Amino acid sequence: MSSIAFTNIHTLVTSDSSLGEGPLGVLHGASVITEDGIVTEIRQGIPSGVDSEVDCSDKTLLPGFVDSHSHLIFAGDRADEFSARSRGQKYTAGGIASTVNATRHASDEQLRQNAQRLLNEALAYGTTTMEIKSGYGLTEKDELRSIDIAAEFTEETTLLAAHVIPEDFLTDPDGYVDLIINSIIPKSNSKWIDVFCDLGAFNPEQSEAILRAGIAQGMSARIHANQLSAGKGVEIAVSLGAASADHVSKSTKADIDLLASSTTVATLLPGAEFSTHAEENLGRRFLDAGVRVAIASDCNPGSSFTTSMPFCIAAAVSILGFTVEEAVLAATIGGARALRRVDIGQISVGKRADFVLLDAPSYIHLAYRPGVNLVHSTYKSGRAVTSWQK
Ligand code: NIG
Ligand code: FE
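In this text, all values refer to a predicted model and were calculated from it rather than measured experimentally.

Chemist: Which parts of the structure should I look at to understand the sheet that holds strand E16 (residues 293-295)?
Modeler: Two orientations exist for strands paired in a sheet by backbone hydrogen bonds: parallel and antiparallel. Read from one edge to the other, the open sheet built from seven strands follows the order E10-E11-E12-E13-E14-E15-E16, with strand pairing classed as parallel. The strands lining the two open edges of the sheet, one partner per strand, are strand E10 (132-133) and E16. Pairing analysis gives three bridges linking strand E14 (residues 244-247) to strand E15 (residues 265-268), with the strands arranged parallel. Pairing of Asp-246 across the sheet is with Thr-267, part of E15. The strands that helix H5 (residues 173-187) touches are strand E11 (157-162) and strand E12 (192-197); relative to E11, the one it contacts most, it runs at about 145°.

Here is the structure:
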């Protein structure tokens, strides 16, 4: 048994309102004790008899960020597309094809190295759990190798073979849907099945058929819905008991009310809203209706090329209308709920000792000091880590 005490914590954010002040359950001057990677005690004062101590004076300790939506298996970048948007070009699903082309030509090792680099970045910004999607292969071979590479880094793997219709199937989109259902899904061992149900991607019938096929194969559902246009994605998500409906930017009042009456989390993606110039205050519409909300990076080379959850927190506050507390909750326990995980996202007895330690007196600095990396160290299962490992 190896025990660690995090002591003199200036501000401890538990993300469990029953443990301290306010919605974040904040404590001041407390210690957190971990044994073999699990939190065993939270108390005032300094414990004795532990194997090691981390002094957290003047610092803030939070649950490690749970990033429940990313597309890290790809090659190349699309800086030119981003630059065109700064001159008024609209974001569409069309840019995905260029990443598909680069990804198909990349070796496994190139894809692995790119993912490792991005995960190291995420870790340096306090992320301790990351969901990773396929979706830039769009052939049986390239989707399955994307999932295999993702599985080297995370348990939270998501098959997104239904990202867009690949160029080779443009005249036979249902042929591609058949390939996904009959060949790719049966051979994929991903935990999640996802579909981009939107304009220029998959229609509601195709989306539902693909999600149902994944569920029949033992996967759980999540969906990209209403990013570019209002559609049936949220309805499909709720009817299939999906863990999360993501983007949800163009959702109607009926969609939001439906989500509020369900256990499906709405995962908002501040980085995508930031880099595709979306409407303001999107978050308030969901938060005020009582929807369970998460935020995630959506890291991908097209619509949101960031791995930084602190940046997403700051953007959620400044663009989407979240309070700082709502944004921090959405990035911790919200992300855990979006992945249906009960072992992460909070600092409380029995949870994994996944922490982010900030060189700042308060969690407010995550939004108040945008673009500045305040992370002193990131802990996975009680160990300070600087290189991402599963
Ligand atoms: O979540 N919306 C679909 N997929 C990604 C973007 C993909 C891309 O532009 O490469 C997203 O934003
Ligand atoms: Fe996405």
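Chemist: What is the right way to look at the coordination of the iron ion (ligand 2) in this model?
Modeler: Around a metal, the idealised angle for a tetrahedral arrangement of four donor atoms is 109.5 degrees; for an octahedral arrangement of six donor atoms it is 90 or 180 degrees. For the iron ion (ligand 2), every protein donor is listed as His-69 (NE2), His-71 (NE2), His-224 (NE2) and Asp-298 (OD), and the spread of their distances is 2.0 to 2.5 Å. According to the relative accessible area criterion, Asp-298 is buried, its value standing at 1%.

Chemist: Looking at this structure, how should I read the pattern of salt bridges?
Modeler: Note that side chains of opposite charge can pair when their charged atoms are close. Throughout the structure, instances matching the rule amount to 21 salt bridges. The residue Arg-117 makes a salt bridge to Glu-121 at a minimum N-O spacing of 3.8 Å. One end of the pair is Arg-117 and the other is Glu-121, both in helix H3 (residues 108-124) and four residues apart, which spans about a single turn. Accessibility expressed as a relative area gives 44% for Arg-117, which makes it partly exposed. Under the relative-accessibility criterion, Glu-121 is labelled partly exposed at 30%. A salt bridge links Lys-253 to Asp-257; the nearest nitrogen and oxygen atoms lie 2.8 Å apart. Of the two residues, Lys-253 and Asp-257 are both situated in helix H8 (residues 253-260); the distance of four residues between them amounts to about one turn of the helix.

Chemist: Would you take a moment to explain the pairing of strand E17 (residues 355-358) for this structure?
Modeler: One face of the sheet, then the other: side chains in a regular strand alternate in exactly this way. Burial along E17 is two-sided: Phe-355 and Leu-357 facing one way and Val-356 and Leu-358 facing the other are all buried. By the bridge criterion, four bridges tie E17 to strand E18 (residues 375-380) in an arrangement that is antiparallel. By the bridge assignment, Val-356 is partnered in E18 with Thr-378.

Criteria and thresholds
- Every chain is numbered independently, its residues counted from 1 as its sequence is written.
- To read the labels, note that chains go from A and ligands from 1, taken in the order they are written.
- A pLDDT threshold of at least 70 governs which residues receive local features in this predicted model, and a stricter bar of 80 or more applies before side-chain atom pairs are shown or counted, although totals over entire chains, interfaces and linings include all residues.
- Excluded from the side-chain calculations are hydrogens and water; all other atoms, namely the structure's heavy atoms, are used.
- When DSSP finds two or more bridges between a pair of strands, those strands are recorded as paired.
- Going along the chain from the N terminus, every DSSP run of H or I of four or more residues is numbered as a helix, and every run of E of two or more is numbered as a strand.
- Contacts between residues were defined by any pair of non-hydrogen atoms, one from each residue, lying within 4.5 Å.
- Interaxial angle, 0 to 180 degrees, is taken between N-to-C directions of lines fitted to C-alpha atoms, where a helix line uses only the stretch in contact.
- Atoms of type N, O and S within 2.8 Å of a metal are treated as its donors, and for Na, K and Ca the window is 3.2 Å; water is not considered, so some sites may appear to be missing partners.
- For the exposure calls, accessible area comes from a 1.4 Å probe over protein chains only, and a residue counts as buried if that area is under 20% of its type's maximum, exposed if over 50%, partly exposed in between.
- When a carboxyl oxygen of Asp or Glu is within 4 Å of a side-chain nitrogen of Lys or Arg, the pair counts as a salt bridge.

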